[in-house]
Amino acid sequence: MGDGVSMSESGWCVSGRTKVLAVFGCPVEHSLSPAMHNAAIRALGLDYVYVPFRVEPDELPQAVAGLRSMRFAGVNLTIPLKERAVDLVDELSDEAARIGAVNTLWFREGRLVGDSTDGPGFLRSLESAVEGIPESALILGAGGSARAVCHALAGRGVTLAIANRTMARAESLAGELPGDGVRVVPWTDDDLRSACAEVGLVVNCTSVGMTPNIGGSPLPPGCLKTGQLIYDLIYSPPETRLLKEARECGAVAMNGVLMLVHQGACSFELWTGVRPPMDVMERAVTERITVPAD
Ligand code: NAP
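Keep in mind it's a predicted model, so treat the numbers as computed, not measured.

1. Points about the pairing of strand β5 (residues 104-108)
Here comes step 1: Pairing of strand β3 (residues 74-77) with β5 involves three bridges; the strand directions are antiparallel. In the sheet register, G74 faces β5, and the bridge partner there is W106.
Here comes step 2: Connecting the antiparallel pair β5 and strand β6 (residues 111-115) is a turn made up of two residues, with E109 showing a positive phi of about 50°.

2. What about the packing of helix α4 (residues 118-129) against helix α9 (residues 257-272)?
Here comes step 1: Taken N-terminus to C-terminus, the directions of α4 and α9 make an angle of 125°; their axes are 7 Å apart at the nearest point. Classified by the angle between their axes, α4 and α9 sit oblique to one another. As for the relative orientation of α4 and α9, their crossing is right-handed in sense. Where α4 approaches α9, its residues D118, P120, G121, F122, R124, S125, S128 and A129 are matched on the opposing element by L258, M259, H262, Q263, C266 and E269.
Here comes step 2: Residue classes in the contact of α4 with α9 are distributed as six nonpolar, five polar and three charged.

3. What to know about the pattern of salt bridges
Here comes step 1: Applying the stated criterion across every chain, the model contains 19 salt bridges.
Here comes step 2: Among the ionic pairs, E95 bridges to R98, the shortest N-O distance being 3.1 Å. Of this pair, E95 and R98 both sit in helix α3 (residues 94-99), three residues apart, roughly one helical turn.
Here comes step 3: Among the residues examined, E95 registers a relative accessible area of 16% and is labelled buried.
Here comes step 4: One network of salt bridges, with partners in common, ties together E29, R54 and E56.

4. Here we look at the environment of R68
Here comes step 1: Mapped onto the secondary structure, R68 falls in helix α2 (residues 60-69).
Here comes step 2: Looking at R68, the relative accessible area reads 31%, which means it is partly exposed.
Here comes step 3: Taking C-alpha positions, R68 is 9.5 Å from R111, a pair spaced 43 residues apart along the chain.
Here comes step 4: Setting aside its immediate chain neighbours within four residues, R68 contacts L88, V89, D90, F107 and L112.

5. Comments concerning the site of the ligand
Here comes step 1: Of all residues adjacent to the ligand, which total 22 residues, the nearest are G144, S145, N164, T166 and R169.
Here comes step 2: G144 places a main-chain nitrogen or oxygen 2.9 Å from an oxygen atom of the ligand.
Here comes step 3: Separating an oxygen atom of the ligand from a side-chain N or O atom of T166 is a distance of 2.5 Å.
Here comes step 4: The fraction of the free accessible surface of the ligand (920 Å²) that becomes covered by protein chains is 76%.
Here comes step 5: Those elements that place two or more of their residues in the shell around the ligand are α5 (144-155) and α9.

6. Quick word on α5
Here comes step 1: Taking 1.5 Å per residue as the helical rise, α5 with its 12 residues ought to reach 16 Å, and the 17 Å between its terminal C-alpha atoms agrees with that figure.
Here comes step 2: The element α5 is largely enclosed, with a buried count of nine among its 12 residues.
Here comes step 3: Buried residues of α5: A146, R147, A148, V149, C150, H151, A152, L153 and A154, and no others.
Here comes step 4: Looking at the packing, one finds that the buried side of α5 touches α3, α4, β7 (136-140), β8 (159-163), α6 (167-176) and β10 (201-204).
Here comes step 5: Looking at the residues trailing α5, positive phi occurs at G157, about 80°.

7. Observations regarding unusual backbone geometry
Here comes step 1: Note the cis peptide between C26 and P27, where omega equals 10°.
Here comes step 2: Mapped onto the secondary structure, P27 falls in the loop between β1 (19-25) and α1 (33-44).
Here comes step 3: Here the amide bond leading from T211 into P212 is cis, since omega sits at 10°, within 30 degrees of zero.
Here comes step 4: Checked against the element boundaries, P212 lands in the loop between β10 and β11 (229-232).
Here comes step 5: Unusually for a residue other than glycine, R71 sits at a positive phi of about 55°.
Here comes step 6: Along the chain, the position of R71 falls in the loop between α2 and β3.
Here comes step 7: Looking at R71, the relative accessible area reads 68%, which means it is exposed.
Here comes step 8: You will see that E109, though not glycine, has its phi angle at about 50°, which is positive.
Here comes step 9: In this fold, E109 is placed in the loop between β5 and β6.
Here comes step 10: Using a relative accessible area of 81% as the deciding quantity, one classes E109 as exposed.

Calculation criteria
- Residues numbered from 1 in each chain as written.
- Predicted model: local features only at pLDDT ≥ 70, side-chain atom pairs only at ≥ 80, totals over all residues.
- Heavy atoms only, no water.
- Pairing = 2+ DSSP bridges.
- Helix = DSSP H or I, 4+ residues; strand = E, 2+ residues; numbered from the N terminus.
- Axes fitted to C-alpha atoms, helices over the stretch in contact; angles between N-to-C directions.
- Parallel < 35°, antiparallel > 145°, perpendicular 65-115°, else oblique.
- Left-handed = near helix turned anticlockwise from the far one by under 90°.
- Contact = heavy atoms within 4.5 Å.
- Nonpolar A, V, L, I, M, F, W, Y, C, P; charged D, E, K, R; others polar.
- Salt bridge = Lys/Arg side-chain N within 4 Å of Asp/Glu carboxyl O.
- Buried < 20%, exposed > 50% of the residue type's maximum accessible area, 1.4 Å probe, protein only.
- Near = heavy atom within 4 Å.
- Polar contact = N/O pair within 3.5 Å; in protein donor to acceptor, adjacent residues only side chain to side chain.
- Areas by Shrake-Rupley, 256 points an atom, 1.4 Å probe, with all protein chains shown as cover.
- Expected span 1.5 Å × (residues − 1).

Now the structure itself:
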């Protein structure tokens, strides 16, 4: 078997030629990326394997040195390592430099590149689900995912309102974005309600409503309306309280599964040069997301 070997499902095995992909995180035990990427690898018959590693933040420099010396083919980084990796690579992609975070490491002509596929993955997921990106959006949150989403939408000329519990973080994010179509909304019920009324798209980039705290919603009741698109980046549970309220008032509700799949697919393409089967990746993820009992 040579490079780019084809292996049948039954003959799948790891050998000395197998190229290693990995995710580093802390914690990493619950990551769905190994199941998603290994499903795509097996469906395509590629000679790769994708393995999770728990890496403490202080150990990231050693882990990156290790992936270089052990010639890993590529790595994903997840919480809380994305920002720390910026200083450990040979070059940063424009995307990673813009948002100051790295979720994908790959090699270009022997040089380690730090890239971010969260923003492109978000845009691809949005475009795969709706016809035309809405002209205005309310972004809830100002953490890592909000940064990727805001830069991606601002790059498409979307008018943005950003609301975050800690307003200074929203102001700082708004100050970095190009153009003058960005404003900051105070985190109060009245301000959130009036900001919602003005936009076609609401994106929840906070962790409010995520397992195990599934009772919470980032918005007060009565904010949403028919025809709006409510995109919650959370995928566990698959239907958050926010998305349930969206569905009940006739808005279009979308969870974070497609973003997870599309950002993963962007990384997969950087590592292998092959476009992975999206349906296989999506199934691998959805099969592993547990629906909480009522
Ligand atoms: P992060 O950088 O830690 O940011 C967390 C955000 O949530 C901050 O804006 C924080 O506000 C806000 N927040 C936390 N607790 C809150 C509360 N009780 N009330 C109001 N706001 C609160 O996290 P992240 O990486 O952006 O991730 C955020 C969510 O997106 C997570 O649920 C994550 O699983 C999801 N995500 C999904 C994907 C995907 O592919 N689908 C990708 C990335 C992230 P403060 O600034 O005030 O603390």
